[in-house]
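Observations on the three-dimensional arrangement
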Amino acid sequence: MKGLKIWLEHIKNPKLQLTKNQIAYYYFLNGIFYSNKNIFQSENYMNKALDSGLKFNQNIIIAKLNLVIASLSKGDKRNAKILLMEVKKMDKNKLFQNQIQIIKMQMKKINLGINNMQNPFIRNKY
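Residues numbered from 1 in each chain as written. Predicted model: local features only at pLDDT ≥ 70, side-chain atom pairs only at ≥ 80, totals over all residues. Heavy atoms only, no water.

What follows covers helix H6 (residues 77-90). Between its first and last C-alpha, H6 extends 20 Å over 14 residues, near the 20 Å set by a 1.5 Å rise per residue. Among the residues of H6, those classed as buried are Ala-80, Leu-83, Leu-84 and Val-87. The arc enclosing the buried residues of H6, seen along the axis, measures out at 105°, which places them on a common side. For H6, the exposed residues set more than 90 degrees away from the buried face come down to Arg-78 and Lys-89. Tucked inside the fold, the buried residues of H6 contact helix H5 (57-74) and helix H7 (97-109). (Helix = DSSP H or I, 4+ residues; strand = E, 2+ residues; numbered from the N terminus. Expected span 1.5 Å × (residues − 1). Buried < 20%, exposed > 50% of the residue type's maximum accessible area, 1.4 Å probe, protein only. Arc of directions from axis to C-beta. Contact = heavy atoms within 4.5 Å.)

What follows is the structure, encoded as structure tokens:
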């Protein structure tokens, strides 16, 4: 990961220095790098990568799984379900079946009623 960050830091302006496909993977690699540190920053990079046009299905699935985890951490269970259904449709070879099952189990544990919200700051909004 240290080497990845060093190489990504060499790119100052990706829109001028890289081609369209390379820009997508630049954002994708940044999203992977920040997935351990800051899930919300990783979410921004993964959205940019999907918008820029990732080509391989495995990479699109990884990006969407990362977005599912970000949605769950925000408390947006509906969006997480929609993205997870898209991932299940795309995963034809069942390569990510274990990850999907783990996320489904986590979704069952999250009970998002007004009184049962995980984040106390969200509770105050209602």
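Right, let's get into the packing of aromatic side chains. Per the counting criterion, the structure on display carries five aromatic pairs. Between Tyr-25 and Phe-28 the ring centres are 6.2 Å apart and the planes differ by 80°, which places this aromatic pair in the edge-to-face class. Taken as a pair, Tyr-25 and Phe-28 lie in helix H3 (residues 20-34) at a separation of three residues, close to a single helical turn. Between the aromatic rings of Tyr-34 and Tyr-45, the centroid separation amounts to 5.6 Å while the plane-to-plane angle is 10°, which identifies the pairing as stacked. Pair noted here: Tyr-34 is in helix H3 and Tyr-45 is in helix H4 (residues 39-52), with a separation of eleven residues, a long-range link. The two residues Tyr-34 and Tyr-45 agree in class, both being buried. Among the aromatic residues, those joined into a ring-pair cluster are Tyr-26, Tyr-27, Phe-33, Tyr-34 and Tyr-45. (Phe/Tyr/Trp six-rings, centres within 6.5 Å; stacked < 30°, edge-to-face > 60°.)

Another point: the nonpolar core. Soluble globular proteins: nonpolar side chains tend toward being buried together. Of all hydrophobic cores here, the largest spans 29 residues; its most connected members are Leu-54, Leu-65, Val-68, Leu-72, Leu-84 and Ile-103. Sorting the residues of this core by element identifies H3, H4, H5, H6 and H7 as the ones contributing at least two each. In this structure Leu-84 touches Leu-65, Val-68, Ile-100, Ile-103, Lys-104 and Met-107, once residues within four positions along its chain are discounted. (Core = buried A, V, L, I, M, F, W, Y, C linked by side-chain atoms within 4.5 Å.)

In a packed pair of helices, the relevant descriptors are the angle between the two axes and the axis-to-axis distance. Between H5 and H6, the shortest axis-to-axis distance is 8 Å and the interhelical angle comes to 160°. By the angle class used here, H5 and H6 are roughly antiparallel. Viewed along their axes, H5 and H6 form a crossing whose handedness is left-handed. Between H5 and H6, the residues in contact are Asn-57, Ile-60, Ile-61, Lys-64, Leu-65, Leu-67, Val-68, Ser-71 and Leu-72 and Lys-77, Asn-79, Ala-80, Leu-83, Leu-84, Glu-86, Val-87 and Met-90, respectively. Classifying every residue of the contact of H5 with H6 by side-chain character gives eleven nonpolar, three polar and three charged. (Axes fitted to C-alpha atoms, helices over the stretch in contact; angles between N-to-C directions. Parallel < 35°, antiparallel > 145°, perpendicular 65-115°, else oblique. Left-handed = near helix turned anticlockwise from the far one by under 90°. Nonpolar A, V, L, I, M, F, W, Y, C, P; charged D, E, K, R; others polar.)

Bringing the side chain of Ser-52 into the picture now. Structurally, the position occupied by Ser-52 is in helix H4. Of the polar contacts made by the side chain of Ser-52, one reaches the backbone oxygen of Lys-48; its length is 2.8 Å. Once you skip the residues sitting within four places of it in the chain, Ser-52 turns out to touch Lys-20, Ile-23, Ala-24 and Tyr-27. (Polar contact = N/O pair within 3.5 Å; in protein donor to acceptor, adjacent residues only side chain to side chain.)

It is worth spelling out the side chain of Glu-43 at this point. With respect to the helices, strands and loops of the structure, Glu-43 is situated in helix H4. Within the structure, Glu-43 has its side chain in polar contact with the side chain of Lys-74 (distance 3.1 Å). When sequence neighbours within four positions are dropped, the list of residues in contact with Glu-43 reads Leu-67, Ala-70 and Lys-74.

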